[in-house]
Amino acid sequence: MLSWIVSGLDTSDLVVLTLLAGGAIIFLIMKVLNQQPSSSRYSPTVASITPSSAVTSKSNQSFIDRMKNENRQVLIMYGSQTGTAEEMSGRLAKDLTRYSKKAVVVDPEDIECEDLNRLNEIEDALLVLCIATYGEGDPTDNAVTLVEYLNAGDCDLSGVRFAVFGLGNKTYEHFNEIGKQMDQQLEKLGAKRIFQMGLGDDDANLEEDFMIWREAFLPKVAEEFGWELNTEAETMRQYQMEPVEEGKALFKGEFGRLGAYERPRPPFDVKNPYLATVAINDELHTEHSDRSCRHIEFSVEGSRIRYEAGDHLAVFPTNDPALVDRLIEMLKFEPDRAFRLVNVDEDASKRHPFPCPTTFRTALSHYVDICAPVKSHVLKAISEYCTDETEKEFLNKLSTANEEGLKEYARYIVKERRSIVDYRFVTQTERGKIAICAVVTKYTIGDRLINGVCTRYLTKKEAGSKSPVFVRKSTMRLPHRTTTEVIMIGPGTGFAPFRGFLQDRQFHKNAGKEVGAMHLYYGCRHPDHDYIYKEELAQFQEDGILTHLNCAFSRAQEKKVYVQDRLWETRDRIWTAINAGAHVYICGDARNMARDVQSTLQKIFREIGGKSETEAVSFFKEMEKTKRYQADVWS
Ligand SMILES: Cc1cc2nc3c(=O)[nH]c(=O)nc-3n(C[C@H](O)[C@H](O)[C@H](O)COP(=O)(O)O)c2cc1C
């Protein structure tokens, strides 16, 4: 793929395209526990991951005033956790230049949501929401206030037109819940839907869903407002590269302010991560396993970071230096040259796509995900500079939203996985230290070795080295009463938050409190290969904390056994506990395990609890509603 890039561009084109092709900055999430439950908790504000103190230029002017002053009728808002919706919003804004129009793109976290009530002061206002769903059908952190505000129903959007593109994943129970909710709610608030909602599915091909939606969306918008196509504007760049004078202070990997790591200042969050020291980095699998699972502890002593069992830890990895070097070599960058990327739209709220000024090497190492699949608009931009006609044609095909192009994009870019951002981890620990555990992603496609960006990075982190992190609050919590019985279902690294839960209860028991029974359903392939934290579990049992340990080893015998099979085997005990008020927790794979566990539980409600099919479903829903059933699953 990279050989195309080299064919016909000059250095500054190469740099801009390569950096933008990298897409969003990467960060991964895990879970945590504090041995000593904290009384006053720091609650981090976590939003989309693009750094913003370095890039926001107009924070004290209302977006409505900006729209008026700059004669913009389109407002694009995004709900984004890991940057996809944000990036798509930028592309939609750029698309408008085809019609000589400009949009205002806002992160709802940076605005007063109440100002939306004034959107109808803008003539022909169009509101576009590009919004992802997280957790159990929840909004992203940066969209919580927006969603609450719109759902409250006090906003008058009559006279406003709108469209929603939702980002979700079909393997989750609440597929695109927030997008769907907002699509309905905007209509209820008086706005007029001018295009049907897009339902992006990250499990299949989100990029394709987006390409199809936007290709049909734009002409519809143009027709609605009578806009005319301006073909000359089509290749307009979003950012331009500027050299930086010598001696200027450069970003060296910080995400917020310059020098943030040398002079850390709380609170620490997505825009201001804390440079934590790796205290321990151990292998959890035995030599018999063909995979690797790391136990890593970060020291956050002195940082005033608060966390408790079930919280998440986000880690900002850097890209593989060998990959960065290869890219620099192929593209003939001067790696240590300082530059800044500046938005060509002078009124844009984000002046730079990542912290600038910086060097090429720093940008490629810290600020862009060079392993992400190349987005179609970047392929398109590159194709315009390509001198080799065959390659140009192929790039054009890949970036065109017709049947042939989409099919080729799906095969070449998506199916062959020319990149990966991994996401599987988790929890625990002792005071001042946050521990996570992660299965290392590494596999081959043909002769290409694919490494998970974050797990590769974590594997190489030796004790004493540092990494930017922040704690993200989770909703999964132990019951308030320490005597309440709990049932924890967490195979593989899904066990991580429960390690925290066990430690939490142990802390209370040691402090003389009465603690309730704890059931753990743990699963892995083989007791001699990947049974992580085996000794600790035995100790928790001996200490009387873990009262019921049920292990499912899928490959230790001929017939595969999973956690849901163990649940069923112990159905009488499970029903007795649930009927007496036990809380149920599940963590791990959303695709199969979570669904199978849910249906096993409902089967238990029916067959042991004597409930009808409908009663079993509503009993389960009630448990969800009252937080007696809590899930933290991913796929
Ligand atoms: C931990 C986690 C939870 C998720 N929960 C849901 C969900 O409940 N429903 C859904 O449709 N998609 C869910 N998704 C999928 C995301 O919405 C999807 O990947 C989206 O593209 C992310 O957009 P962003 O990069 O802008 O944050 C979840 C993804 C993760 C990683």
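Anything mentioned here points back to the structure above.
As the structure is a computational prediction, the values presented were derived from the model and not from experiment.

Before going further, it helps to spend a moment on the nonpolar core. The biggest cluster of nonpolar side chains holds 32 residues, and the ones touching the most others in it are Phe63, Leu75, Met77, Leu116 and Leu119. Counting only elements with at least two residues in this core, the list comes to helix H3 (63-69), strand E2 (74-79), strand E3 (103-106), strand E4 (126-134), helix H5 (144-152), strand E6 (161-168) and helix H6 (177-188). At 4 residues, the largest contribution of residues to this core is made by H5. Excluding anything up to four places from it in sequence, Phe63 contacts Leu75, Val104, Val106, Ile111, Glu112, Asp115 and Leu116.

The next subject is the packing of helix H14 (residues 496-510) against helix H15 (residues 534-542). Two elements in contact, H14 and H15, have axes separated by 11 Å at closest approach and are oriented at 35°. When the axes of H14 and H15 are compared, the crossing they make is left-handed. Between H14, through Arg499, Leu502, Gln503 and Gln506, and H15, the contact on the second element is made entirely by Glu536, Leu537 and Phe540. Broken down by class, the residue content of the contact of H14 with H15 amounts to 3 nonpolar, 2 polar and 2 charged.

Moving on, we get to the pattern of salt bridges. For the structure on display, the rule yields 35 salt bridges. Where Glu121 meets Lys68, a salt bridge forms, and the shortest distance between an N and an O atom there is 2.6 Å. A residue pair is termed long-range when its members are at least 10 positions apart, and Glu121 in the loop between E3 and E4 and Lys68 in helix H3 qualify at 53 residues. Note on Glu121: relative accessible area 42%, which makes it partly exposed. Between Lys473 and Asp311 there is a salt bridge; the shortest N-O distance is 2.9 Å. In this pair, Lys473 sits in the loop between strand E18 (466-472) and strand E19 (486-489) while Asp311 sits in strand E12 (residues 311-315), placing the two residues 162 residues apart along the sequence.

Counting buried positions along strand E11 (residues 293-299) gives 7 out of 7 residues, so the element sits mostly inside the fold. Residue alternation in E11 divides its side chains into two sets, Cys293, His295, Glu297 and Ser299 and Arg294, Ile296 and Phe298, and both sets are buried. Inspection of the sheet shows strand E10 (residues 274-283) paired to E11 by 6 bridges, in the antiparallel sense. The residue bridging Thr277 from the neighbouring strand is Ser299, located in E11. Pairing geometry for E11 and strand E15 (residues 433-439), over 7 bridges, is antiparallel. Directly across from Ile296, in E15, lies its bridge partner Ile436.

Before going further, it helps to spend a moment on the site of the ligand. Taken together, the neighbourhood of the ligand is formed by 21 residues, with Ser80, Thr82, Thr84, Thr133 and Asp202 sitting nearest. One of the side-chain N or O atoms of Ser80 is found 2.6 Å from an oxygen atom in the ligand. With respect to the ligand, the backbone of His174 contributes an N or O atom lying 2.9 Å from a nitrogen atom. When residues of the shell around the ligand are traced back to their parent elements, those giving at least two are helix H4 (84-95), E4 and E6. Sort the elements by how many residues they give to the shell around the ligand and E4 lands first, with 3 residues. Within the shell around the ligand, the residues separate by chemical class into 8 nonpolar, 12 polar and 1 charged.

Turning our eyes to something else, we now look at unusual backbone geometry. The omega angle of the peptide bond from Pro266 to Pro267 is 0°, so this bond is cis rather than trans. You can see Pro267 is positioned in the loop between strand E9 (239-243) and E10. Residues other than glycine seldom take positive phi values, yet Ser100 does so here, at roughly 55°. On the secondary structure map, Ser100 appears in the loop between H4 and E3. Owing to a relative accessible area of 49%, Ser100 belongs among the partly exposed residues under this scheme.

The next point concerns the state of the cysteines. Cysteine pairs can be covalently joined through their sulfur atoms, and such a bond is termed a disulfide. All told, the structure shown has 0 disulfides when counted by the stated rule. With no disulfide of its own, Cys113 lies 9.2 Å from the sulfur of Cys155, the closest cysteine sulfur. On the accessibility criterion, Cys113 (4% relative accessible area) is buried.

What follows covers the sheet that holds E9. The strand order across the open sheet formed by 3 strands is E9-E13-E14, and the pairing between neighbours is antiparallel. Either end of the sheet is taken by a strand with one partner, and the two such strands are E9 and strand E14 (358-359). As defined by bridge partners, E9 adjoins strand E13 (residues 338-343) across 5 bridges and the pair is classed as antiparallel. Within the sheet, the bridge partner assigned to Glu242 lies in E13 and is Arg340.

About the criteria used
- Residues numbered from 1 in each chain as written.
- Predicted model: local features only at pLDDT ≥ 70, side-chain atom pairs only at ≥ 80, totals over all residues.
- Heavy atoms only, no water.
- Core = buried A, V, L, I, M, F, W, Y, C linked by side-chain atoms within 4.5 Å.
- Buried < 20%, exposed > 50% of the residue type's maximum accessible area, 1.4 Å probe, protein only.
- Helix = DSSP H or I, 4+ residues; strand = E, 2+ residues; numbered from the N terminus.
- Contact = heavy atoms within 4.5 Å.
- Axes fitted to C-alpha atoms, helices over the stretch in contact; angles between N-to-C directions.
- Left-handed = near helix turned anticlockwise from the far one by under 90°.
- Nonpolar A, V, L, I, M, F, W, Y, C, P; charged D, E, K, R; others polar.
- Salt bridge = Lys/Arg side-chain N within 4 Å of Asp/Glu carboxyl O.
- Pairing = 2+ DSSP bridges.
- Near = heavy atom within 4 Å.
- Polar contact = N/O pair within 3.5 Å; in protein donor to acceptor, adjacent residues only side chain to side chain.
- Disulfide = S-S within 2.5 Å.

Such coordinate-based values are descriptive only and should not be taken to indicate function.
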